[in-house]
Amino acid sequence: MLRKGLQRLGIDLDDALARTFDLRGRSALIVCTNHAVLDIGKPTGVFASEMTAPYYAFLDAGMRVDVASPNGGVIPVDPQSLRPVVRCDADDRFLADPVLKASVSHSLAVGSLDMRTYDLVYLAGGWGAAFDFGFSEALGRKVTEANAAGAILGGV
């Protein structure tokens, strides 16, 4: 209810100007953090909408989308980012999507991937990424490989 009230005030977490694209036959990789707890003991991870909004934009454009992390395995989702007042439509979609939930629970290890198979590599943000992205040698190597292969690189 509060989210709807904020939208009426002009504060909308969803992009009313979003465009659609036909990218069938293309592939995207979304890289998220494995870091789950801030150094002050507070839970963190990927900020949900920084993963879900691009994931569904790529998927809805017809792309094959893989989800990876520096170590593979569980991608923690910042619990504050799933509070109803800050959730966007893509977050609501994630909460009901067993496929993306499985990808978040069992992400691919970025170091094991062939970056030549991706047209786009997207680094999803959140506080967790500040703790492992810059320190992951495997992620650094793989982003360099993706760039050399001509992939589009992006992130939040």
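Everything numeric here is computed off the predicted structure, so don't read it as measured data.

Engineer: Quick one: what's the story with the overall build of the chain, residue by residue and with numbers?
Structural biologist: In terms of helices and strands, the chain carries six helices and five strands. Reading the helices (α) and strands (β) of the chain from amino to carboxyl end gives α-β-α-β-α-α-β-β-α-α-β. The C-alpha radius of gyration computed for the chain amounts to 16 Å, which stays within 12% of the reference 15 Å derived for 156 residues, consistent with globular compactness. Along the first, second and third principal axes, the C-alpha set of the chain runs to 45 × 45 × 25 Å. Of all 156 residues assigned to the chain, the portion counted as buried reaches 40%. Within the chain, residue pairs in contact and separated by at least 24 positions form 84% of the contacts whose partners lie at least 6 positions apart. Counting every atom, the chain has about 8700 Å² of accessible surface; 58% of that belongs to carbon and sulfur. Side-chain charges in the chain split into 15 positive and 18 negative, and the spacing between the mean points of these groups amounts to 3 Å.

Engineer: Describe the sheet that holds strand β2 (residues 64–69), and please don't skip the residues or the numbers.
Structural biologist: An order of β3-β2-β1-β4-β5 is seen for the five strands of this open sheet, with the pairing classed as parallel. Each having just a single partner strand, β3 (108–109) and β5 (152–155) make up the two edges of the open sheet. Inspection of the sheet shows strand β1 (residues 27–31) paired to β2 by five bridges, in the parallel sense. By the bridge assignment, Ala28 is partnered in β2 with Val65. Against the sheet, helix α6 (residues 137–148) touches β1, β4 (120–123) and β5, its axis set at about 135 degrees to β5.

Engineer: Explain the nonpolar core residue by residue, including any values.
Structural biologist: Membership of the largest hydrophobic core comes to 23 residues, with the highest contact counts inside it found for Ile30, Cys32, Met51, Phe58 and Val77. Counting residues per element, the ones that place at least two in this core are β1, α2 (48–60), β2, α3 (89–95), α4 (98–105) and β4. The dominant element in this core, judged by the number of residues it contributes, is α2, at five residues. In this structure, Cys32 is in contact with Val46, Met51, Val67, Ala68, Ser69, Pro70, Ile75, Ala124 and Phe133, ignoring residues within four places of it in sequence. In terms of nonpolar packing, the next biggest core, distinct from the first, is built from 14 residues, Leu29, Ala129, Ala138 and Ala151 among them.

Engineer: Outline the state of the cysteines, listing residues and values.
Structural biologist: According to the stated counting rule, one finds zero disulfides in the structure shown. Looking at the unpaired Cys32, the closest cysteine sulfur is the one in Cys88, lying at 14 Å. We classify Cys88 as buried; its relative accessible area is 4%.

The rules we used
Residues numbered from 1 in each chain as written. Predicted model: local features only at pLDDT ≥ 70, side-chain atom pairs only at ≥ 80, totals over all residues. Heavy atoms only, no water. Helix = DSSP H or I, 4+ residues; strand = E, 2+ residues; numbered from the N terminus. Rg over C-alpha atoms; globule rule 2.2 N^0.38 Å. Buried < 20%, exposed > 50% of the residue type's maximum accessible area, 1.4 Å probe, protein only. Contact = heavy atoms within 4.5 Å. Areas by Shrake-Rupley, 256 points an atom, 1.4 Å probe, with all protein chains shown as cover. Lys, Arg positive; Asp, Glu negative; His and termini not counted. Charge placed at Lys NZ, Arg CZ, Asp CG, Glu CD. Pairing = 2+ DSSP bridges. Axes fitted to C-alpha atoms, helices over the stretch in contact; angles between N-to-C directions. Core = buried A, V, L, I, M, F, W, Y, C linked by side-chain atoms within 4.5 Å. Disulfide = S-S within 2.5 Å.

Purely geometric numbers; function is a separate question.
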